[in-house]
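Each chain, written out:
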Amino acid sequence: MARRALITGITGQDGAYLAEFLLGKGYEVHGMVRPTTTAGFERTDRLRGRAQLHQADLLDQLSIVTLLTEIRPHEVYNLAAQSFVPTSFMLPLQTAECTALGVTRVLEAIRLIDPTIRFYQASSSEMFGRVKEEPQNEETGFWPRSPYGVAKAYGHWITVNYRESYNIFACSGILFNHESPLRGKEFVTRKVSDAVARIKLGLLDKLKLGNVDAQRDWGFAGDYVEAMWMMLQQDTPGDFVIATGIKHSVRDLVELAFRHVGLDWQQYVETDPTLLRPADVNTLCGDASKARAQLGWAPKVSFAGLVAMMVDADLERIARDLRREKSEEGWHRDDA
Ligand code: NAP
Ligand code: F7E
C-alpha cells in the first residue's frame, strides 16, 4: 500500500517540488489549500490528476482536524506559512497566527488523531537573524530580526516540544534560502531573474532594489525538498540545517544574472530606500555537516547554475507569452 503524505502549502514553491518528489517515490500525495489562496493554482496545475487537493486553513483548527481524520496520512509536511519577511512587518499578528500558531494547530491535530504520524516543520535560517557565529549550525542560538523570524522560532520550539513531551516523530528542517523558477516574484532572486529577462527583451529599463549588501546562502529548492523527506525516514527524529555553506551578496546575484544575458548591471539597477526593511538580516551562511553525515544529503546545483536556470526560465516564459499575445492580436485583426 502506498504511503500517504499531506503537504500544507502545496500551492507554494516548495509544495510543488515536494509533491513531485513524493509522487516519484510512489506516495499518495494530498495537499492542503486555503479557500482564499493568494498563490493560486499556477504551481499545482501540473499536479492535476496526480495529487489530491483539499480545502483547509492553518488559522482554523477544526479544518485541520477534519482533514487529518479524512486522509490519515503517514507523513505531514508543514510548509504553509506567511513566508515573505516584509509582509510580516506589515501584518505581524496575521503572520504569528499562521506561521507560529499554525504549527501548534497541526501538531495538536496529530496528537489528537494519530500520534504516530511523522511531522516535518519548515523552519528557517531567518531564526538566526543577527548571527551569533558563522557558519550557523543546529546549536547556534537564535536572534530573529523580523516578525516572520520570531514566528518561525516559535514554530521550531513547539516542534521540539511536542517531540519531547508526546514522543511525536517531529523534525525541524532549518533551511537556508532556496530558490527556483517557481519562486514567488516578491523574493529577491526571482525579482532579479524576471527583471533581467524583461530588460533583455526590451520590456523594462530599470530594476529597483533595497539592501544590495545583504548576503545569503542560496541553494536550489529541488535539492532542499529531498532533505525534508530524508529527515522523516530516519530511525529517530531530529533537527537539521540544510544549506550550501557558501554565501553571496545581492550585488553578486545581480551581477551574475545580468552577465548571463551579456548586460552590465550598473546601467540598469537603482537602489530604492523604500525597499529597505525596518531591520534586515545582513549575513547568513549555513553549516549542513550534520545533514551530510546523518542523512547523506548534499546540494547538487551551484549558485551560478541556479541563477542561470532562473534567468533562462524567465526568458523562455516571457518570450512565449509575447508570442502568444502577438498571435492573439493577429486573430483579432483577422476577425475585424
Ligand atoms: P511560499 O511559496 O510562500 O508558500 C507558502 C504556502 O503557504 C503557500 O502555499 C500559501 O498558500 C500557504 N499558506 C499561507 N497562509 C496559509 C494559511 N493560513 N493556511 C494554509 N496555507 C497557507 O513558501 P516556500 O518558499 O514554498 O516555503 C515553504 C515553507 O518553508 C514556508 O513555511 C517558508 O516559510 C519556509 N521556508 C522557506 C525558505 C525558502 O527559502 N524558500 C527557507 C526556509 C523556510 P496560499 O497563499 O495560496 O493560500
Ligand atoms: O530577501 C534583500 C533583502 O526576500 C533576501 C524567505 O523564503 O528566505 C526568504 O527570506 C535579501 C534580504 O528573502 C530586495 O533585504 C534587497 O536581505 O529574497 P528575500 P529573505 O528575506 O532572506 C528565508 C530563509 C525564509 O525563510 C523566508 O521565508 O535580499 N533585498 N533588495 C531584497 N529583497 C527583496 N525581496 N526585494 C528587493 O528588492
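About the cut-offs
Residues numbered from 1 in each chain as written. Chains lettered and ligands numbered in written order. Predicted model: local features only at pLDDT ≥ 70, side-chain atom pairs only at ≥ 80, totals over all residues. Heavy atoms only, no water. Near = heavy atom within 4 Å. Polar contact = N/O pair within 3.5 Å; in protein donor to acceptor, adjacent residues only side chain to side chain. Areas by Shrake-Rupley, 256 points an atom, 1.4 Å probe, with all protein chains shown as cover. Helix = DSSP H or I, 4+ residues; strand = E, 2+ residues; numbered from the N terminus. Nonpolar A, V, L, I, M, F, W, Y, C, P; charged D, E, K, R; others polar. Domains from an automatic or database assignment. Contact = heavy atoms within 4.5 Å. Buried area = accessible area lost by both parts, 1.4 Å probe. Salt bridge = Lys/Arg side-chain N within 4 Å of Asp/Glu carboxyl O. Buried < 20%, exposed > 50% of the residue type's maximum accessible area, 1.4 Å probe, protein only. Right-handed = clockwise from strand over helix to strand, strands pointing away. Pairing = 2+ DSSP bridges. Arc of directions from axis to C-beta. Axes fitted to C-alpha atoms, helices over the stretch in contact; angles between N-to-C directions.

The immediate surroundings of ligand 1 are formed by 28 residues, with Thr-11, Arg-34, Thr-37, Ser-83 and Tyr-148 found nearest. A distance of 2.9 Å separates an oxygen atom of ligand 1 from a polar backbone atom of Leu-79. One of the side-chain nitrogen or oxygen atoms of Ser-83 is found 2.7 Å away from an oxygen atom of ligand 1. If ligand 1 stood free it would expose 890 Å²; the protein chains cover 93% of that surface. Secondary structure elements with two or more residues in the shell around ligand 1: α1 (13-24), β5 (118-124) and α5 (147-166). Here the shell around ligand 1 gets three residues from one element, more than from any other, and that element is β5. Residues that form the shell around ligand 1 fall into these classes: twelve nonpolar, eleven polar and five charged.

Taken together, the neighbourhood of ligand 2 is formed by 24 residues, with Ser-83, Ser-124, Tyr-148, Arg-277 and Asp-280 sitting nearest. In this structure, Asn-177 approaches ligand 2 through a side-chain N or O atom, which is 2.9 Å from an oxygen atom. At 2.9 Å from a nitrogen atom of ligand 2 is found a main-chain nitrogen or oxygen belonging to Glu-186. Surface burial for ligand 2 is 95%, taken as the share of its 700 Å² of free accessible area covered by protein chains. Elements represented by at least two residues in the shell around ligand 2 include exactly α6 (188-200) and β8 (207-209).

Before going further, it helps to examine the domain arrangement of the protein chain. The extent of an interface is frequently quoted as the accessible surface area lost upon association of the parts. Domains assigned within the protein chain are domain 1 (4-180 + 219-242) and domain 2 (188-214 + 247-279 + 302-335). One C-alpha centre belongs to domain 1, the other to domain 2; they are set 29 Å apart. Contacts between the two partners involve ten residues from domain 1, matched on the other side by nine residues from domain 2. Of all residues in domain 1, Phe-89, Glu-179 and Ser-180 give up the largest surface area on contact with domain 2, accounting jointly for 45% of the area buried on that side. Seen at the junction of domain 1 and domain 2, the total is one salt bridge. Glu-134 serves as the salt-bridge partner of Lys-247, at 2.9 Å between the closest nitrogen and oxygen. In this structure, the connection of domain 1 to domain 2 is made through two residue pairs in polar contact (both at pLDDT 80 or more). Elements supplying a minimum of two residues to the side of domain 1 that touches domain 2: α3 (85-90) and β10 (219-220). Among the elements that line the side of domain 1 that touches domain 2, the one with the most residues is α3, at three residues. Considering only residue class, the side of domain 1 that touches domain 2 consists of five nonpolar, two polar and three charged.

The two faces of the sheet receive side chains in turn, since in a regular strand these alternate between them. With five of its six residues buried, strand β2 (residues 28-33) lies for the most part within the structure. You can see the chain leave strand β1 (residues 4-8), run along α1 and come back into β2, and the turn it takes is right-handed. In terms of strand pairing, β2 meets strand β3 (residues 51-55) through five bridges, oriented parallel. Within the sheet, the bridge partner assigned to His-30 lies in β3 and is Gln-52.

Looking now at helix α8 (residues 250-260). Turning to α8, its buried residues are Val-250, Leu-253, Val-254, Ala-257 and Phe-258. Relative to the axis of α8, the buried residues are bounded by an arc of 120 degrees and lie together on one face. Gly-262 lies just past α8 and shows a positive phi near 75 degrees.

Strand order in the open sheet formed by seven strands is β3-β2-β1-β4-β5-β6-β11, with parallel pairing between adjacent strands. If you trace the sheet from one side to the other, it starts and ends with β3 and β11 (239-242), each paired once. When the angles between neighbouring strand axes are averaged without regard to direction, this sheet yields 20 degrees. Two elements, β1 and strand β4 (residues 75-78), share four bridges in a ladder whose sense is parallel. Residue pairing for β4: Ala-5 is matched across the bridge by Glu-75. Packed onto the sheet, helix α7 (residues 221-232) meets β4, β5, β6 (170-175) and β11 and runs at close to 155 degrees relative to β6.

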